[in-house]
Amino acid sequence: MKVRRPRGTNDILPAETSNWQLIEAKIREICYRFGYQEIRTPIFEHTELFQRGIGETTDIVEKEMYTFLDRGRRSITLRPEGTASVVRAFIENKLYAAPLPAKLYYLGPMFRYEKPQAGRYRQFYQFGVEAIGSLDPVLDVEMIMLPIELYKECGLSNFDVHINSLGCPECRPQYRQALQERFMQIKDRFCKNCQARITRNPLRVLDCKSTKCQELAEGIPLITEYLCQECRTHFEQVIEYLNQLNMDYVLDPKLVRGFDYYTKTVFEIIVPTLGAQNAIGGGGRYDGLVEEIGGESLPAVGFAVGLDRLMLSLNQQDASVFPQINPEVYIAHFGGATKKMAVSLINELRKTGLWIEMDYLDRSLRAQMKSADRLNCNWVIIIGEDELAANAVKIRRMDTGSEDEVGMDAVIEYLMKHREENSNK
Ligand code: HAM
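Because the structure is predicted, anything quoted here is derived from the model rather than measured. (Residues numbered from 1 in each chain as written. Predicted model: local features only at pLDDT ≥ 70, side-chain atom pairs only at ≥ 80, totals over all residues. Heavy atoms only, no water.)

### Topic: the overall build of the chain
Along its length, the chain carries 15 helices and 16 strands. Here the chain has a C-alpha radius of gyration of 28 Å; the compact-globule value for 425 residues is 22 Å, and the former is much larger. Each principal axis of the C-alpha atoms in the chain carries an extent, and together these give about 90 × 55 × 45 Å. Across the 425 residues in the chain, those meeting the buried criterion constitute 50%. Of the contacts formed within the chain by residues at least 6 apart in sequence, a portion of 69% connects residues at least 24 apart. For the chain, the exposed area adds up to about 21900 Å²; of that, 49% sits on carbon and sulfur atoms. Where the 53 positive side-chain charges of the chain centre and where its 59 negative ones centre are 7 Å apart. (Helix = DSSP H or I, 4+ residues; strand = E, 2+ residues; numbered from the N terminus. Rg over C-alpha atoms; globule rule 2.2 N^0.38 Å. Buried < 20%, exposed > 50% of the residue type's maximum accessible area, 1.4 Å probe, protein only. Contact = heavy atoms within 4.5 Å. Areas by Shrake-Rupley, 256 points an atom, 1.4 Å probe, with all protein chains shown as cover. Lys, Arg positive; Asp, Glu negative; His and termini not counted. Charge placed at Lys NZ, Arg CZ, Asp CG, Glu CD.)

### Overview of the pattern of salt bridges
Within the structure shown, the criterion is met by 27 salt bridges. Between K63 and D59 there is a salt bridge, with the nearest N and O atoms lying 3.9 Å from each other. Here D59 and K63 lie together in helix α3 (residues 59-64), a separation of four residues that amounts to about one turn. What makes D59 buried here is its relative accessible area of 16%. Of the charged contacts in the structure, one is a salt bridge between D140 and R285, with a shortest N-O distance of 2.8 Å. Taken together, the residues span a long stretch of sequence, with D140 in helix α5 (residues 137-153) and R285 in strand β10 (residues 279-285) at a distance of 145 residues. R285 shares its class with D140; the two are buried. Each of D140, E230, K264, R285 and D287 takes part in one network of salt bridges that share partners. (Salt bridge = Lys/Arg side-chain N within 4 Å of Asp/Glu carboxyl O.)

### A word on the sheet that holds strand β4 (residues 75-78)
With respect to topology, three strands assemble into an open sheet ordered β2-β4-β3, the strand pairing being antiparallel. Both edges of this open sheet fall to β2 (44-46) and β3 (67-69), since each of them pairs with a single strand only. Strand-to-strand twist of the sheet, defined as the mean angle between neighbouring strand axes without regard to direction, takes the value 35 degrees. In this structure, β2 lies alongside β4, joined through three bridges in antiparallel fashion. (Pairing = 2+ DSSP bridges. Axes fitted to C-alpha atoms, helices over the stretch in contact; angles between N-to-C directions.)

### Remarks on the domain arrangement of the chain
Structurally, the chain comprises domain 1 (14-171 + 227-316) and domain 2 (329-419). For domain 1 and domain 2, the distance between their C-alpha centroids amounts to 49 Å. (Domains from an automatic or database assignment.)

Printed below as a string of structure tokens:
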């Protein structure tokens, strides 16, 4: 039997990796402009970090973590998200000693044991940003602007920003209680999952995808009616800045998100055409997490973009962000001394920074031309016995079929001149 990849994982093949690299380059460039620096944390952490950070009663901690005992019998978990790890690293490496806020970003795989479907995988890729050490609502807005900048630069147009405030430990318990009391009256009518959530974590009911549970949650009290003065003012300031910057958003008082660490602002970016898994990014403020993980009390805010879903949306919307990349030159030879000449020439030509290919299978000229054509090369350089004797090569332009004989010393000059002429056309 063939060994297959584990369920919920993907192979990202060469035809796609160039697109991923392009998006990653855009991410790094945007983070540079916004002043965020990369942090790289381990892919696995002590399980306790996520239990404490994400919350014991969240779906992720209850059902979705890849947790195992290592050979030293320590409980280890593959990271299901990046925020808890970044906060741990911030505390452990005393990044609070540098000027605050610490502005950090990361890129990499995350792991959740979810039911795989289109856009939902067990290993998926996130780009995340965290700003630790400031309560300024300007930063909440920056966390929304930054991914939007990325989406726009990728050519994505059809997305909505949903935003809400989840209050803080002062005001949320009252809301939690009001919600619980309301749900308790009709508890039996909810799905099995929600029945458990009602007692343990009633806000999570608002995130249930079942239409029946959503209908039952119509007309419920809304968190925005329960916010304390501080949370209310903070939320108003966020909205004011969003308006000032002409950013579109949808106020969504039922937006709760899947982590217990959130306080105040939360947001999600949705591509309506993506189907059931339509969130391409989300985040919010988490003013209690640094203390929860053992640091001093410092406010923080962040987001993460799901890169797999961003790729799906870009392909779906035919965003023309991805250029076709093909080799510039293919060097064809006839073996023996002509092959030796090809090896020297490829070595020289690669110094120009261009993508150069040659034949590695000692095939006929016809087969080599076919390869060059399939690879979409712009030029083929042919080195035959006659050319070798004349210390020259034949250069064929693949789109017109025209050929020139060029002295060996003049090959680079010839290619550069003609490339420039073509790009000016
Ligand atoms: P999250 O909403 O769980 O937030 O994940 C962010 C994004 O990752 C989602 O919007 C989605 O695009 C993508 N994503 C999540 N799960 C999967 C999956 N199973 N398959 C494919 N893509 C997925 C967080 O992870 C928070 N740490 C964000 C944050 C940072 N909040 C504050 N700072």
